[in-house]
Amino acid sequence: MSVSPLDMQILYSNLKNVGQQQAAERASELAQQHKQADESAKKADEKDHRVGEAKDVETGIDKVNDKDKKQDEQKGAKDKSQKDEARDDKPEAEFFDDPDIGHNIDISG
């Protein structure tokens, strides 16, 4: 199948239009990608600046803080019992106190 000169003229005249159309499609794709990137950045900023809702909030200040106090007391009691056991295991070390320490200066070396 051969191409006639008339068909070639039509193809060359439409070549500019086809090129512009393809360039517009590419530009619209890039614009859409930039728009999506901007939207995701805005959502991330909003999420960072938003204050989260409190979970399991009970009425009254005392009820909210009771759980923390009980946990702290239990933890403190465990730590204290562990320290007491550690002290019982180790005999107290006796320190030798030299009366000459800090009074003589050694200049030989």
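Structural data are supplied above this passage.
Residues numbered from 1 in each chain as written. Predicted model: local features only at pLDDT ≥ 70, side-chain atom pairs only at ≥ 80, totals over all residues. Heavy atoms only, no water.

A.B. asks: For the overall build of the protein, give the residues involved together with the corresponding values.
C.D. replies: A count of helical and extended segments in the protein gives two helices and zero strands. For the protein, with 109 residues in total, the buried portion stands at 0%. Carbon and sulfur atoms provide 51% of the accessible area of the protein, an area that totals close to 11,600 Å². (Helix = DSSP H or I, 4+ residues; strand = E, 2+ residues; numbered from the N terminus. Buried < 20%, exposed > 50% of the residue type's maximum accessible area, 1.4 Å probe, protein only. Areas by Shrake-Rupley, 256 points an atom, 1.4 Å probe, with all protein chains shown as cover.)

A.B. asks: Describe helix 1 (residues 5-49), and please don't skip the residues or the numbers.
C.D. replies: The terminal C-alpha atoms of helix 1, which comprises 45 residues, lie 66 Å apart, in line with the 66 Å expected from a rise of 1.5 Å per residue. Of all the bends in helix 1, the greatest, near 35°, is centred on L15. (Expected span 1.5 Å × (residues − 1). Bend = angle between axes of the 7 residues up to and from the residue.)

A.B. asks: Describe a nonpolar patch on the surface, with residues and values.
C.D. replies: Judged by side-chain polarity, V3, M8, L11, Y12 and L15 come together as a nonpolar surface patch covering roughly 520 Å² of accessible area. By the secondary structure assignment, L15 is in helix 1. (Patch = residues over 30% accessible without salt bridge, like charges linked within 9 Å, V, L, I, M, F, W, Y side chains within 5 Å. Salt bridge = Lys/Arg side-chain N within 4 Å of Asp/Glu carboxyl O.)

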